[in-house]
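# Notes for the structure review
Residue strings, one per chain:
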Amino acid sequence: MITFDRVSVRYADSAGFALHGVDLTVPEGELCLLVGPSGSGKSTLLGTVSGLVPHFTGGELTGRVTVDGRDTRDHRPRELADLVGTVGQDPIAHFVTDTVEDELAYGMESLGLAPAVMRRRVEETLDLLGLAELRGRALRSLSGGQQQRVAIGSVLTVHPKVLVLDEPTSALDPGAAEEVLAVLQRLVHDLGTTVLLAEHRLERVVQYADQVLLLPGRGEPPVLGEPAEIMTHSPV
Ligand code: ADP
Ligand code: MG
């Protein structure tokens, strides 16, 4: 689903590579956990999938990243939005509307879907993420875990095949983190969504991962493998 073909990234004014020699495939319908020390290139790698790198960040991308056959260098993030949903650490910073229902509908507005289709997808997403009782609530009144579930829901309404999440539980307490991870696991199992999730607290997510992609940093090449296998030589 996501293919990295000898991918390296170097930012402007930077002597070294932010990401070097990534050459691997993340299969469809798996939850792939991206781990590595701070500065090892996790956010950069996620950015090459969503198109933020290099379109918004600048810098030079060599090699090729394709998502479902679409080359992210030739498509700007907006042209990937129907295929790749992106969720960050701080949902409140990215909310565009004030209530749960409005936020879920917002992501679809640029796609030109019929109003009836949009309403149905909002209902589906409310159910899928366990948000139905919160539909009319102000986003600011929600707990951190609920806000993060809304952020995930707001990108799911367009039915992306891939979901990219950059440390989505880092601001959450363990219970709320659990709530978000359970939702992600359901997406992988029920919808066959491919999830790529960066996290530095490995212990929180490793039980949910089908595969682990380790970015060791310090110029060492990335390693992709089964969780148990990667854990035995992980520095994190
Ligand atoms: P991680 O998410 O694992 O902490 P990043 O991908 O954020 O790693 O960063 C990898 C390297 O690239 C770091 O050395 C960081 O300082 C640098 N970097 C990240 N984003 C930018 C940017 N927009 N411009 C220049 N350098 C950057
Ligand atoms: Mg990061």
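Conventions used here
- Residues numbered from 1 in each chain as written.
- Chains lettered and ligands numbered in written order.
- Predicted model: local features only at pLDDT ≥ 70, side-chain atom pairs only at ≥ 80, totals over all residues.
- Heavy atoms only, no water.
- Pairing = 2+ DSSP bridges.
- Helix = DSSP H or I, 4+ residues; strand = E, 2+ residues; numbered from the N terminus.
- Contact = heavy atoms within 4.5 Å.
- Axes fitted to C-alpha atoms, helices over the stretch in contact; angles between N-to-C directions.
- Phe/Tyr/Trp six-rings, centres within 6.5 Å; stacked < 30°, edge-to-face > 60°.
- Lys NZ or Arg CZ within 6 Å of the ring centre and 35° of its normal.
- Buried < 20%, exposed > 50% of the residue type's maximum accessible area, 1.4 Å probe, protein only.
- Lys, Arg positive; Asp, Glu negative; His and termini not counted.
- Salt bridge = Lys/Arg side-chain N within 4 Å of Asp/Glu carboxyl O.
- Core = buried A, V, L, I, M, F, W, Y, C linked by side-chain atoms within 4.5 Å.
- Near = heavy atom within 4 Å.
- Polar contact = N/O pair within 3.5 Å; in protein donor to acceptor, adjacent residues only side chain to side chain.
- Areas by Shrake-Rupley, 256 points an atom, 1.4 Å probe, with all protein chains shown as cover.
- Nonpolar A, V, L, I, M, F, W, Y, C, P; charged D, E, K, R; others polar.

Taken in spatial order, the four strands make up an open sheet running S2-S1-S4-S5, and their pairing is antiparallel. Each edge of the open sheet carries a strand with a single partner, namely strand S2 (19-26) and strand S5 (70-71). Relative to strand S4 (residues 60-67), strand S1 (residues 2-10) runs antiparallel, the two sharing seven bridges. For arginine 10, the partnering residue across the bridge sits in S4 and is glutamate 60. In this fold helix H1 (residues 42-50) packs onto S1, S2 and S4, with an angle of close to 120 degrees to the strand it touches most, S1.

What follows is about the packing of aromatic side chains. Here the structure, examined in full by the defined rule, presents zero aromatic pairs. Note that arginine 10 overlies the ring of phenylalanine 17, its terminal NZ or CZ placed 4.4 Å from the centroid.

Okay, the environment of leucine 129 next. Take leucine 129: it is sitting in the loop between helix H6 (115-128) and helix H7 (144-156). The exposure class assigned to leucine 129 is buried, which follows from its relative accessible area of 1%. For the pair leucine 129 and glutamate 179, spaced 50 residues apart in sequence, the C-alpha separation works out to 9.7 Å. Those residues in contact with leucine 129 that lie beyond four places of it in its chain are Arg149, Ile152, Gly153, Leu156 and Val183.

With respect to the helices and strands, the residue glutamate 103 is situated in helix H5 (residues 100-106). At 10 Å, arginine 140 is the nearest oppositely charged side chain to glutamate 103, a buried residue that forms no salt bridge. Leaving out residues up to four positions away in the same chain, glutamate 103 has contacts with His94, Phe95, Val96, Thr97, Leu139, Val150 and Ser154.

With that settled, consider the pairing of strand S8 (residues 194-198). With five of five residues buried, S8 is to be regarded as a mostly interior element. Of the two faces of S8, the one carrying Thr194, Leu196 and Ala198 and the one carrying Val195 and Leu197 are both buried. Sheet topology places strand S3 (residues 31-35) next to S8; four bridges connect them, and they run parallel. Looking across to S8, one finds that leucine 34 is bridged to alanine 198.

Quick look at the nonpolar core now. In terms of nonpolar packing, the biggest core is built from 44 residues, with Leu33, Val150, Ile152, Leu163, Leu165, Leu184 and Leu197 touching the most fellow members. Of all the elements, helix H8 (residues 174-191) adds the most residues to this core, at eight residues. Beyond its immediate sequence surroundings of up to four residues, leucine 197 is in contact with Cys32, Leu33, Leu34, Leu165, Pro168, Leu181, Leu184 and Val205.

This paragraph deals with the site of ligand 1. Taken together, the residues surrounding ligand 1 are Tyr11, Ala18, Pro37, Ser38, Gly39, Ser40, Gly41, Lys42, Ser43 and Thr44. Here serine 40 contributes a backbone N or O atom positioned 3.3 Å from an oxygen atom of ligand 1. Glycine 41 has a polar backbone atom sitting 3.1 Å from an oxygen atom of ligand 1. Across the complex, the protein chains shield 57% of the 560 Å² of accessible surface that ligand 1 would expose by itself. Here the shell around ligand 1 is composed, by residue class, of three nonpolar, six polar and one charged.

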